[in-house]
Amino acid sequence: MLDLTSEAALIVVSNRLPISLRRGRDSLVVERSAGGLVAALDPALRRTGGTWIGWPGMRLRESEKLPSVDEAYTITPVPMNDNEVRRYYHGLSNGALWPLFHSFPERTRFDRRDWEIYESVNERFAQVTADELTRNCLVWIHDYHLMRVGPHLRRRCPNQRIAFFLHIPFPSYDIYRTLPWYREVLIGLMACDQVGFHCPGYVRNFLDCAERLLGARVDRDKNLVQFGARTVRADAFPLGIDYEGHERRARSAPHSARRDSHKVILGVDRLDYTKGIPGRIRAFERLLEVYPEHRERAVLIQVAVPSRGQVAEYQALKREIDELVGRVNGRFATSEWSPIRYLYRSVSPERLASLYRDADVALVTPLRDGMNLVAKEFVASQTEDPGVLVLSRMAGAAESMHEALMVNPYNIDGVANSLHQALTMDFQDRANRMRALQRRERRHDLHAWLEGFLSAASGPAAQMRPTALQDFDLWLSPYLRSDLQLALFLDYDGTLTPIVSHPSQAVLDDETRELIQRCGARSDTDVSIVSGRKLDDVRSLVRLPGITYAGNHGLEIVGPGIESFSHEDVPHYQKRIASLAQELEHICIEGAWVEEKGASLTLHLRALSHLDQRSLDSRARELILEAGFQVREAHCALEARPPIGWDKGHAVLYVLRERYGPAWSENVRTIYAGDDRTDEDAFRVLSGLGVSFRIGNTDTPTQATRQLPDVESVKTLLRWLASRPEAPQG
Ligand code: GDG
C-alpha cells in the first residue's frame, strides 16, 4: 500500500489548475479558480503535499514563468496553444464528450481533427506528469478531458500506480457506442489501476461498455475488468462537500437588512444545457398559472454563472433563458413584485452562503448531472428555518438524497406540483427531511470521499481470478453448434508459447501440444497454426501430424485435405530479401539481429533498451522501404514483408474456402487466437463471422472479439475446446 502521508506522494492531473492566470497591465495576475473539482481536490493536496498539473487557462509567452503561488503543493502548468484549446477543449471535450456523456447524442459534434489534437494534448499531459513522478507516488487523473493520459503515461512508466475519477456520468452502452473513438477512450481508462465514478449506475454502464465494446472480462461482483493482462478496478465514490466549511460560512454570512417577505426559490448553476434552466423557469411559470396563491408571494432567484461562452450551443441557451425570464416577468410582474431575479454572473462565496441559507426551496433540476454539489451545499447551509430541496432524479445526487422531493425535470407539470408541495410543506415535515439530509451529507463529506478513494487507489493491486472454463461456456457455447464443424486457428509465438528473448527458446510445452492434439483428433474440429515463422520452422516446433500449417504469415500453407499453397511471387522476393538482410545486419547493434524467413524477414529488437530500439527502428524502416518491402510492426520487432497484399487474413480465408467451400461461413464455426498486430488481419476478415481472441496487453484498439490475458488462458481455451461434448456420429 502507498503511504500518502509521505511528502509529494499525490500528483493530481486535471484540465484546469486551482488557479487561473490573467494578463494584468504589466504582470500576470493569479486568481483562484472556483467550481466543484477545485473545492474537492485542494484539501486533498494540502493534506498530502504533492503536485497539481493542469492548464493555467491562458497562453504563457516564451519568457514568462508561472508567478510563484503560495500553495502547500507545487503547481505545474501544461502549455497549450490557441488551436489546441479550440480543438481539445472546446471541440472534443466540450463539443463531443460532454454532451455524449450526459446522454445528449444529438448535440455532439465529432471531428477527427479535434480527436487528433485531444490525443496529442493528452500525451503532453502524460509527458509533463512523467517528468514530475517521485518514488512511490500516486497519479490521480481527473475527468473527461484527460481520458487518454493513462496509456501514454503507462508506456513511459509501466509500473506507476494510476487512478482516474470521472466527474460526469458514464452513459449507457447504447449512447456511448456512438462515439467514433469509443475503443480508444475505453482503452485509455484500462491503462489505470483504479477508476472512480459518482454512482453505481455509471460503474455498471462502464463495465457493460468494457465487456461489449472491448471484449474485456468483467467481474460484476468485485467490479473488476480485465483487459489483456491488466486488471482495473471500477467503483462508485459519491463525492461529498466540505460540509463544515459550508455550514460555518452559512452561520457567519450576512443577513440582508430587509428580510425578504417573499418565499425564495433558488437555482444556482453554471449556464449549461445539462442543468435544465429553461425547464425550471417554465415549471415556475406553470406554478404561477396553476397555483395563483403564489403570485406576489414567491420569487425565483436564478444564479447562472457564465460558462463556455465560445461554444455556439451555450450562446443560444443564454438567449433562450433571457427570453424566458423576460416573458415570465412581463406576464406576471406587478409594481411591487417581479417573479424572477436572474443573475447572470458568479457571486462571492459569502453571498452564495446567504442565498443558500435564506432560500425556502432549492430547485435543482438538471436534465442529467454527474453528481450536483449545489444540492449538497444548500443542505449544509440550511442553518436556520429549514427549507426544502426539490431535486431531479437525473442528478447523481438523487441516488443518496432520498428525503428531497424528487422530480422528473422533463415533466413541467410535475415539477410545478412539487414546487407547490415544497412551498406549502409544514415545519415538522421540512425539519424532518432536512435533518436526515444533513446527517447523511455531514457523514459522507468531502474528507470521507477522499479517504475512500485514496485508500482504494493506493491499496493492493486488483487481481482478477484466472480465466476459467466457465468463461468459455459463456463466450463460446452460444456460438458453436453441434451440427457444424469448428475451424480453430492458432498463432504460435505469444499465443501458444510466451514471448521470449530469442525465438529458438519459444518451445511448446507438452501440455499445450497434447491439448492441440486432442482438439485436432476430434472429428468436429480442424486445427490450423498460423505463424510469421517459416513453414518448416513452425512445423518442427509443433510436431503434430494431421493439422494445417501456414508459415510466413500465410505465404506458404500445407494441410490435410487442402491444396498446398505457395504464393507465386515468393521466389522473386526470396532473391531480394537476402541483400536486404545484409544491409540490416550492417546497421544492427549488439542485441539486435535479423531472421531470414524466405520471402520476408524479421529484425528482432527485443533485447535492446527502449532508446536503442527507437533509433534502430527508424533507420531500419528506411532500408526496408528502400528495398521495396513493406514494414510491419510485431512484438519488439520489425518485419519486412513483400508487398504482395497477402497476410494472415488471406491465409485464413484460403484455408476456409479450400476446406469448406466459398460459402464457408454457413458451413463452419471459426475461432482465431493471436497476440500480435499481424493477427489483426485475421481478426478483421473474421469480424462478424467468427470469434477471435487477442492475447496479452495492447493499448491500441483491436478488431478481436475478446481479450485474453496470457498464454495460460489460451490453454484454458484449448482445454475447453478439447473436452466439450462431441456430437454423436451419423
Ligand atoms: C461537475 C459535474 C459534479 C456555482 N455558482 C457559483 C459557485 N458555484 C459552485 C457551486 C458548486 C460548483 O460551482 C458547481 O458544482 P456542480 O456539482 O453543481 O456542477 P459542475 O460545475 O457541472 O461540476 C457535477 C461536479 O463536477 C463535481 O464532481 O457534481 O455533476 O457536472 O460548488 O457552489 N461558486 C461561487 N459563486 C457562484 O456564483 N463562489
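A quick note: this is a predicted structure, and the numbers were derived from the prediction, not measured.

K.L.:
So, the site of the ligand: which residues are in play, and what are the values?
P.N.:
Close to the ligand lie 23 residues; His167, Val347, Asp369, Met371 and Glu377 are nearest. Measuring from an oxygen atom of the ligand, one finds a backbone N or O atom of Gly370 at 3.1 Å. In isolation the ligand has 730 Å² of accessible area, and contact with the protein removes 89% of it. Secondary structure elements with two or more residues in the shell around the ligand: strand S12 (263–270), strand S13 (298–305), helix H11 (349–358) and helix H12 (373–381). When its residues are assigned to classes, the shell around the ligand shows 12 nonpolar, 7 polar and 4 charged. Split by domain, the shell around the ligand shows at least three residues from each of two domains, domain 1 (10–190) and domain 2 (243–431).

K.L.:
Residue-level account of the domain arrangement of the chain, with values.
P.N.:
Assigned domains within the chain: domain 1 (10–190), domain 2 (243–431), domain 3 (469–567 + 646–723) and domain 4 (570–641). Using C-alpha coordinates to define each centre, domain 1 is positioned 42 Å away from domain 3. Taken residue by residue, the interface counts 6 residues in domain 1 and 6 residues in domain 3. A buried area of about 420 Å², summed over both sides, lies between domain 1 and domain 3, and 52% of it is on carbon and sulfur atoms.

K.L.:
So what's going on with unusual backbone geometry? Which residues, and what values?
P.N.:
Not every positive phi belongs to a glycine, and Glu296 is a case in point at roughly 65°. The residue Glu296 is located in the loop between helix H9 (277–290) and S13 in this model. Assessed through its relative accessible area of 41%, Glu296 is described here as partly exposed. Located in the positive-phi region is His553, a residue other than glycine, with phi close to 55°. Looking at the element boundaries, His553 is found in the loop between strand S20 (548–551) and strand S21 (556–558).

K.L.:
So, helix H15 (residues 446–458): which residues are in play, and what are the values?
P.N.:
Given a rise of 1.5 Å per residue, 13 residues ought to cover 18 Å, and the 18 Å separating the end C-alpha atoms of H15 matches this to within 8%. Residues of H15 that are buried in the fold lie against strand S1 (10–16), helix H1 (36–48), strand S6 (138–142), strand S7 (161–165), strand S8 (194–197) and strand S11 (230–236). One side-chain oxygen at the N-terminal end of H15 lies 3.2 Å from the backbone nitrogen of His447; it belongs to Asp445.

K.L.:
Quick one: what's the story with the nonpolar core, residue by residue and with numbers?
P.N.:
Ranked by size, the top nonpolar core spans 166 residues in total, and within it Phe170, Leu389 and Leu391 carry the most contacts. Counting residues per element, this core draws most heavily on helix H2 (residues 82–101), which supplies 9 residues. For this core, the two domains that each supply at least three residues are domain 1 (10–190) and domain 2 (243–431).

Procedures and definitions
- Residues numbered from 1 in each chain as written.
- Predicted model: local features only at pLDDT ≥ 70, side-chain atom pairs only at ≥ 80, totals over all residues.
- Heavy atoms only, no water.
- Near = heavy atom within 4 Å.
- Polar contact = N/O pair within 3.5 Å; in protein donor to acceptor, adjacent residues only side chain to side chain.
- Areas by Shrake-Rupley, 256 points an atom, 1.4 Å probe, with all protein chains shown as cover.
- Helix = DSSP H or I, 4+ residues; strand = E, 2+ residues; numbered from the N terminus.
- Nonpolar A, V, L, I, M, F, W, Y, C, P; charged D, E, K, R; others polar.
- Domains from an automatic or database assignment.
- Contact = heavy atoms within 4.5 Å.
- Buried area = accessible area lost by both parts, 1.4 Å probe.
- Buried < 20%, exposed > 50% of the residue type's maximum accessible area, 1.4 Å probe, protein only.
- Expected span 1.5 Å × (residues − 1).
- Core = buried A, V, L, I, M, F, W, Y, C linked by side-chain atoms within 4.5 Å.

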